[in-house]
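# Observations on the model geometry
One-letter residues, chain by chain:
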Amino acid sequence: MKMSPQHRLEYLQRMIVTAAQMRSIEQRIFDAGMPIAAVMEKVSGRLALRIQALYPQPSTHRIGVLVGPGHNGGDALVVARELYFQGYEIMLCCPVSRLKDLTATHLHYLENLGIACYQSVDPLAECDLLLDGLFGFGLDRVLTKPISTIVDVVNEWDIPRLSIDLPSGLHTDTGQVLGTAICATHTLCLGLWKLGLLQDDALHYVGQAELIDFDIPLADIAAVLGEMPSVQRVTPQCAIAALPLVRPASTHKYKMGHVLLICGSRRYAGGALLTGLGARASGVGMLSIAVPQSLKSALSVQLPEALIVGCPETEDGAIAELPASVTLSSFNAIACGPGLTTDATAVVEQVLTSECPLVLDADGLNIVAHHGTIPTLHKRQAPTVLTPHLGEFKRLFPEIADGMDCRVTAVQRAAKHSTAIVLLKGARVVISDPHGSVRVNPTSTPALARGGSGDVLTGLLGGLVAQKFAAPSSTTLLDVVQAGTWWHAQAGCLAARKRTELGVDAHTLTNFLIPALARQTQIGTE
């Protein structure tokens with residue numbers, strides 16, 4: 001496999017590995033004749049250059065290095081050596097006496113250079129930066145004293161902490177904290193992204209994460225992961241490629257997709273509006289929205305271009321049924337659920353029997369869960385996209401959620417058993433199709449932790465799915481769902497930068513959907 005540097009970087013940014021996979025890739029490198037010492041030198045040289053860029057002199061002068069017993073500790077020592085030769089003052093803390101031979105050799109050399117090494121971490125308290133080289137990938141046991149004590153102590157210090165590969169104390173695959181873990185300011189991940197860094201449980205400890213390429217042969221990656229690995233990060237390039245940004249010159253509205261939104265109730269009128277605004281931003285050619293009759297006038301004012309269908313409603317203001325004029329088979333996609341309440345059960349049941357691609361959220365999911373998720377969805381012949389948050393996921397898939405320690409494997413199982421695309425919301429959205437292909441969106445913002453932001457996503461996805469099925473292409477449904485998820489997150493990030501995280505309510509979020517896309521695609525200006 002040969003790639004340009006730009007394409008190589010894009011490829012690597014998509015790859016995600018478990019500890020076992022990374023171990024297999026490294027072993028192939030060593031078996032091919034590359035000495036471990038040579039790999040350590042290359043990795044550490046790249047790390048040293050990046051650390052100098054992130055923490056330049058003279059603002060950063062004294063660097064404390066936490067040295068573990070394995071090759072992660074060896075990496076840290078070689079980095080320390082290179083930084084020492086660049087004029088940084090180095091102090092070492094090595095709390096263990098038994099080291100791997102290569103690590104011990106590097107420690108001996110640094111001590112011969114006159115660099116002090118302590119068993120206690122206390123002398124490092126006045127450093128400008130702490131370099132965490134205690135443990136790398138593959139750690140699966142709880143940290144014990146004295147290392148656990150050192151981790152707890154340095155986490156209390158007001159000093160930047162930079163972890164090599166992943167913060168010491170995190171499980172490589174699940175991201176769970178093994179007793180305690182370094183709370184890093186920066187994490188420089190080596191070679192390929194480790195799965196644990198993209199789990200919600202890890203985010204508090206990872207800080208700003210970036211990938212350090214050390215020239216792993218692409219053939220070795222492909223030999224272990226396959227040409228197209230099943231688990232991938234969502235990148236801007238992949239997401240943008242799946243969006244319907246370019247339209248044929250001779251197209252018209254009926255060729256650009258017709259989506260039906262079924263949402264809202266007297267109690268949750270805002271759900272219908274937010275879902276509609278999300279769908280409008282998708283660029284869908286025709287937008288129809290079925291709401292309780294009492295909401296029709298208000299929604300028509302807010303979304304004058306939409307076809308608002310007033311529906312008979314229950315005493316509590318939920319949609320009782322769809323009018324006979326609504327023919328579900330005439331739409332390219334349906335998005336159903338936000339603001340419905342479970343009083344709209346009959347409507348959801350009708351939608352589930354349709355042969356139209358379907359995006360289900362909120363009460364649409366709760367109704368499916370009540371009926372039995374897997375048997376209900378197995379009856380459907382058309383594609384289905386489920387968009388639960390964690391609580392809804394537990395109701396939909398209680399057996400899978402029970403004891404869940406890895407969001408990726410849980411979502412994979414849920415998608416396989418339900419035959420639906422499952423999108424699990426969270427700080428890092430995880431999406432899987434029934435065939436086991438997984439996409440993890442690595443960028444988001446806590447600003448999206450607001451009521452209604454999920455409604456916006458449902459509308460956006462509904463509009464994008466309708467466009468996909470109106471003009472079939474090689475773009476898969478999973479591609480479309482990951483693109484919509486990425487777009488939604490980018491809008492939240494841009495809005496947070498402009499208005500702070502406190503200022504991004506769901507309605508405001510809709511106003512940033514198009515500016516975020518324009519910014520990413522360089523179509524327009526902010």
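Along each chain, residue indices are assigned from 1 in the same order as the chain's sequence is written. Whole-chain, interface and lining totals are the exception, using all residues; otherwise, since this is a predicted model, local features are given only for residues with pLDDT of at least 70 and side-chain atom pairs are given and counted only at 80 or more. Think of the side-chain values as coming from all heavy atoms in the structure, minus any hydrogens and water.

What follows is about the overall build of the chain. Across its full length, the chain carries 21 helices and 19 strands. Radius of gyration here uses only the C-alpha atoms, and the compact-globule reference equals 2.2 Å multiplied by the residue count raised to the power 0.38. For 526 residues, the compact-globule formula gives about 24 Å, and the C-alpha radius of gyration of the chain, at 26 Å, lands near that figure. Based on the C-alpha atoms only, the size of the chain along its principal axes is roughly 85 × 45 × 45 Å. Pairs at least 24 apart in sequence give 72% of the contacts found in the chain among residues at least 6 apart. A helix here means a DSSP run of H or I that spans at least four residues, while a strand means a run of E at least two residues long, and both kinds are numbered starting from the N terminus. Working rule for contacts: check all heavy atoms of both residues, and any pair within 4.5 Å makes them a contact.

Here the focus is the side chain of T172. Position of T172 relative to the elements: it lies in the loop between β6 (161-164) and β7 (186-190). Think of it in three bands: with a 1.4 Å probe and only protein chains considered, a residue is buried below 20% of the maximum accessible area for its type, exposed above 50%, and partly exposed in between. Given the relative accessible area of 1%, T172 is considered buried. Here a polar contact means two N or O atoms within 3.5 Å. Within protein one must be a hydrogen donor candidate and the other an acceptor candidate, and residues neighboring in sequence count only if both atoms are side-chain atoms. Among the polar contacts listed, one links the side chain of T172 to the backbone nitrogen of G138, at a separation of 2.6 Å. The residues contacting T172, other than those within four sequence positions of it, are A19, F137, G138, L139, L166, K194, L195 and G196.

It is worth spelling out the packing of aromatic side chains at this point. Pairing of aromatic side chains requires ring centres within 6.5 Å, counting the rings of Phe and Tyr and the six-membered ring of Trp. Pairs whose planes differ by under 30 degrees are stacked, by over 60 edge-to-face, and all others tilted. Within this structure, the stated rule accounts for two aromatic pairs. Just above the ring of F469 sits the side chain of K468; from NZ or CZ to the centre is 5.2 Å. We call a charge positioned over a ring when the NZ of a Lys or the CZ of an Arg lies within 6 Å of the ring centre and within 35 degrees of the ring normal.

Turning our eyes to something else, we now look at the sheet that holds strand β11 (residues 258-262). Taking strand neighbours across the sheet as the criterion, the ten strands line up as β10-β19-β18-β17-β16-β15-β14-β11-β12-β13 in an open arrangement whose pairing is mixed. Of all strands in the sheet, those bounded by a partner on one side alone are β10 (231-233) and β13 (307-311). Along the sheet, successive strands turn relative to each other by an average axial angle of 15 degrees, direction set aside. Of the strand pairs in this sheet, strand β14 (residues 333-336) and strand β15 (residues 358-360) are connected by three bridges, and their pairing is parallel. Within β15, the position partnered with A335 by the bridge is V359. Lines fitted to the C-alpha atoms define the axes, with helices restricted to the stretch that makes contact. Angles between their N-to-C directions range from 0 to 180 degrees. Helix α17 (residues 407-418) contacts β10, β17 (421-424), β18 (430-432) and β19 (438-440) of the sheet and is inclined by roughly 30 degrees relative to β18. Across the sheet, helix α19 (residues 477-499) lies against β16 (384-386), β17, β18 and β19, angled at about 15 degrees from β17, the strand it touches most. Two strands make a pair as long as DSSP finds a minimum of two bridges between them.

As a further point, take the packing of helix α12 (residues 345-352) against helix α13 (residues 363-371). Close contact between α12 and α13 brings their axes to 10 Å; oriented N to C, the two are set at 80 degrees. Compared by their axis directions, α12 and α13 come out roughly perpendicular. Here α12 contributes T345, V348, E349 and L352 to the contact with α13, which in turn contributes G364, I367, V368 and H371. Split by residue class, the contact of α12 with α13 holds four nonpolar, three polar and one charged. Oblique is the label for any angle not covered by the other classes, which are roughly parallel (under 35 degrees), roughly antiparallel (over 145) and roughly perpendicular (65 to 115). Polarity classes work like this: nonpolar for Ala, Val, Leu, Ile, Met, Phe, Trp, Tyr, Cys and Pro, charged for Asp, Glu, Lys and Arg, and polar for all others, with Gly in that last group.

Next up on the list: the sheet that holds β6. Judged by pairing direction, the sheet is parallel, and its seven strands sit side by side in the order β4-β3-β2-β5-β6-β7-β9 without closing on themselves. Every other strand in the sheet has two partners, leaving β4 (117-118) and β9 (208-212) as the edge strands with one partner each. With five bridges connecting them, β7 and β9 associate as parallel partners. From the neighbouring strand, T187 faces β9, where its bridge partner is A209. Its contacts with the sheet put helix α3 (residues 36-54) on β5 (129-133), β6, β7 and β9, and the angle it makes with β7 is roughly 155 degrees.

If you look at soluble globular proteins, the nonpolar side chains tend to sit buried side by side. For this analysis, a nonpolar core means a set of buried residues of the types Ala, Val, Leu, Ile, Met, Phe, Trp, Tyr and Cys, connected via side-chain atoms within 4.5 Å. If you look at the biggest cluster of nonpolar residues, it comprises 57 residues, and the most contacted ones within it are L261, L287, I289, L299, V481 and W487. When residues of this core are assigned to their parent elements, the largest contribution, eleven residues, is made by α19. When sequence neighbours within four positions are dropped, the list of residues in contact with L287 reads H258, V259, L261, G276, A279, R280, A306 and L307. Counting residues in each nonpolar core, the second largest holds 53 residues, with L47, V79, A181 and V206 among its members.

Here we come to unusual backbone geometry. Omega for the peptide link from Q57 to P58 comes to 5 degrees, which places this bond in the cis form. With respect to the secondary-structure elements, P58 resides in the loop between α3 and β2 (62-67). Cis rather than trans, the peptide bond between K145 and P146 has omega equal to 5 degrees. Inspection of the secondary structure assignment puts P146 in the loop between β5 and α6 (147-156).

Moving on, we come to the packing of helix α2 (residues 19-31) against helix α8 (residues 218-225). The contact between α2 and α8 brings their axes to 9 Å, and the two run at 140 degrees. Viewed along their axes, α2 and α8 adopt a mutual orientation that is oblique. For α2 against α8, the interelement crossing comes out right-handed. For the pair α2 and α8, contact is made by Q21, S24, I25, R28 and I29 and by D220, I221, A223, V224 and L225, respectively. Handedness of each helix crossing follows the sense of rotation of the near helix against the far helix: counterclockwise by less than a right angle gives left-handed, clockwise gives right-handed.

A word on α13. Within the span of α13, buried status applies to D363, G364, L365, I367, V368 and A369. The elements touched by buried residues of α13 are β14, α12, β15, α14 (373-378), β16 and α15 (390-396). Immediately beyond the C-terminal end of α13, within one or two residues, lies G372, with a positive phi of roughly 100 degrees.

This brings us to the pattern of salt bridges. Counted as salt bridges are all cases of a side-chain nitrogen of Lys or Arg within 4 Å of a carboxyl oxygen of Asp or Glu. Applying the stated criterion across every chain yields a total of 13 salt bridges. A salt bridge links D213 to R8, with the nearest nitrogen and oxygen atoms 2.9 Å apart. In this pair, D213 is assigned in the loop between β9 and α8 and R8 in helix α1 (residues 5-14), connecting sequence segments 205 residues apart. For D213, a relative accessible area of 22% gives the class partly exposed. Of the residues examined, R8 reaches a relative accessible area of 14% and is grouped as buried. For R62, the salt bridge is made with E89, and the minimal N-O distance between the two is 3.4 Å. You can see R62 sitting in strand β2 and its partner E89 sitting in strand β3 (residues 89-93), a full 27 residues away along the chain. Each of E41, R81 and E82 takes part in one network of salt bridges that share partners.

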